[in-house]
Amino acid sequence: MACILLTGATGYIGSHTWLALQQAGFDVIGIDNFVNSSPKVLARLAQIGGLEPVLVEGDVRDAVALDRCFELGRSRFGGIQAVVHFAALKAVGESVERPLDYFENNLGGLLAVCQAMKRHGVHNLVFSSSATVYGKPDSLPITERAALRVTNPYGQTKLMGEEILRELERCDTSWHIAYLRYFNPVGAHASGLIGEDPRGIPNNLMPYVAQVAAGKRPHLNVFGNDYDTPDGTGVRDYIHVCDLAEGHVAALRYLADQQQSLTVNLGTGQGYSVLELAQAYGRASGRDIPVVFAPRRPGDIDACYADPTHAWETMGWRAARGLDDMCVDSWRWQSTNPNGFEG
Ligand code: NAD
Ligand code: UFG
């Protein structure tokens, strides 16, 4: 069975993908420098999956650390067949404050990973892109053919990452790359043992709502109620992180079987407003979610949801879990781990 290297393996999406890959029979090696994750994830992965995780602690910009991953892959599992590159910094606001750090980490990291893959003769890559590359879309739902435009340094690293990789595969046809444009990943593994563990005040909606439900924050600030949406609050395509993780398994199979690249949206195709999500979370948790209307957040758009048809037609993947599953699983994680991985 094939062995896959995950960069950013102990992060939110990486850890769920680790389990999905194991479940599908893949061997996994991870690399992470824990800049935005906890080493405690590893014990949880072992607890759920029943296997001791193989992880190199290191920075993806460090060629020696990456070479170690490929050597471990050879000695333990007969060689790495493909890489899923999650490792990146992802906070939009922070990227405006520290653009150079984002360019260096996200683009420097991508180049270092590709160089290491080339050194070791591995050419199948899954790249974590984002719906942020569509900016404010001209029409909805968003297909992969929509115009690409970005409005902040983080988004720029995803767009430039895609462009670098497209140029790479044009010059060297041995590369096969899956460009996965994630919509809004939320929820947690059904075990309640792993989930999203943001540092400080959550920037994103569901982790914030989770903390309101837990009584850690008094209310949800709803950023804007005059958007061009049915209830005036922002609409997004929330996707269960386990569906998203399974999308990576499908993409890796596609690359191995079809020997060609692909660009796909990973979303459900269904948009929900801020108020709809807050209500669903209230139902799932049995807690009140008080809301306070606040000004719009700079840079936010009215609505963003995917046309997920292409993912279904190319790789036979589509999301199976709905908004209530996302909220129930998030709440299980939140309520049993009130301080995330720290206890
Ligand atoms: P995350 O921060 O939880 O995980 C990223 C992991 O990468 C962390 O464990 C971090 O420690 C690690 N990392 C960062 N820089 C590194 C480096 N130089 N060397 C080694 N490890 C490094 O984020 P996530 O939500 O799991 O996101 C994973 C990927 O998906 C990222 O590329 C992100 O940009 C992309 N993405 C996320 C979302 C989202 O809403 N969560 C949406 C679209 C795209
Ligand atoms: N929102 C609130 N209150 C909050 C947090 C968010 O009302 O406390 C609203 C936002 O205004 C928006 C919606 O909830 O209407 C979703 O906001 P998120 O921050 O959860 O998600 P975004 O769609 O703004 O951004 C996310 C990631 C980006 C990524 C983008 C597209 O954070 O990195 O999805 O994939 F680029």
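> Help me understand the sheet that holds strand β9 (residues 235-236) in this model?
Strands belonging to one sheet form pairs held by backbone hydrogen bonds; the direction of such a pair is parallel or antiparallel. A sheet is described by the order of its strands in space; here 3 strands give the open sequence β12-β9-β14, paired in mixed fashion. Of all strands in the sheet, those bounded by a partner on one side alone are β12 (272-273) and β14 (303-304).

> So what exactly am I meant to see when it comes to the site of ligand 1 here?
In the neighbourhood of ligand 1, 28 residues make up the surrounding shell, with I13, D32, N36, F86 and Y154 lying closest. V35 is positioned such that a nitrogen or oxygen atom in its backbone is 3.1 Å from an oxygen atom of ligand 1. Between a nitrogen atom of ligand 1 and a main-chain N or O atom of V60, the distance comes to 3.0 Å. In the complex, 95% of the free accessible area of ligand 1, which totals 820 Å², lies under the protein chains. When contributions to the shell around ligand 1 are tallied by element, the ones reaching two or more residues are α1 (12-23), β5 (124-130) and α6 (153-171).

> Any chance you could explain the state of the cysteines here in plain terms?
Between two cysteines, a covalent bond joining their sulfur atoms is known as a disulfide. This structure, assessed with the given rule, holds 0 disulfides. Of all cysteine sulfurs in the structure, the one in C242 sits closest to C327, which takes part in no disulfide; the separation is 14 Å.

> Just checking my understanding: could you explain the pattern of salt bridges for this structure?
Side chains carrying opposite charge are able to pair once their charged atoms draw close together. Per the stated rule, a full pass over the model turns up 18 salt bridges. Across the pair R332 and D329 runs a salt bridge whose closest N-O atoms are separated by 2.7 Å. Taken as a pair, R332 and D329 lie in helix α11 (residues 323-336) at a separation of 3 residues, close to a single helical turn. Relative accessible area serves as the criterion here: at 10%, D329 is assigned to the buried category. Connected through salt bridges with shared partners, the residues D59, R61 and E104 form a single ionic network.

Definitions and cut-offs
- Residues numbered from 1 in each chain as written.
- Chains lettered and ligands numbered in written order.
- Predicted model: local features only at pLDDT ≥ 70, side-chain atom pairs only at ≥ 80, totals over all residues.
- Heavy atoms only, no water.
- Pairing = 2+ DSSP bridges.
- Helix = DSSP H or I, 4+ residues; strand = E, 2+ residues; numbered from the N terminus.
- Near = heavy atom within 4 Å.
- Polar contact = N/O pair within 3.5 Å; in protein donor to acceptor, adjacent residues only side chain to side chain.
- Areas by Shrake-Rupley, 256 points an atom, 1.4 Å probe, with all protein chains shown as cover.
- Disulfide = S-S within 2.5 Å.
- Salt bridge = Lys/Arg side-chain N within 4 Å of Asp/Glu carboxyl O.
- Buried < 20%, exposed > 50% of the residue type's maximum accessible area, 1.4 Å probe, protein only.

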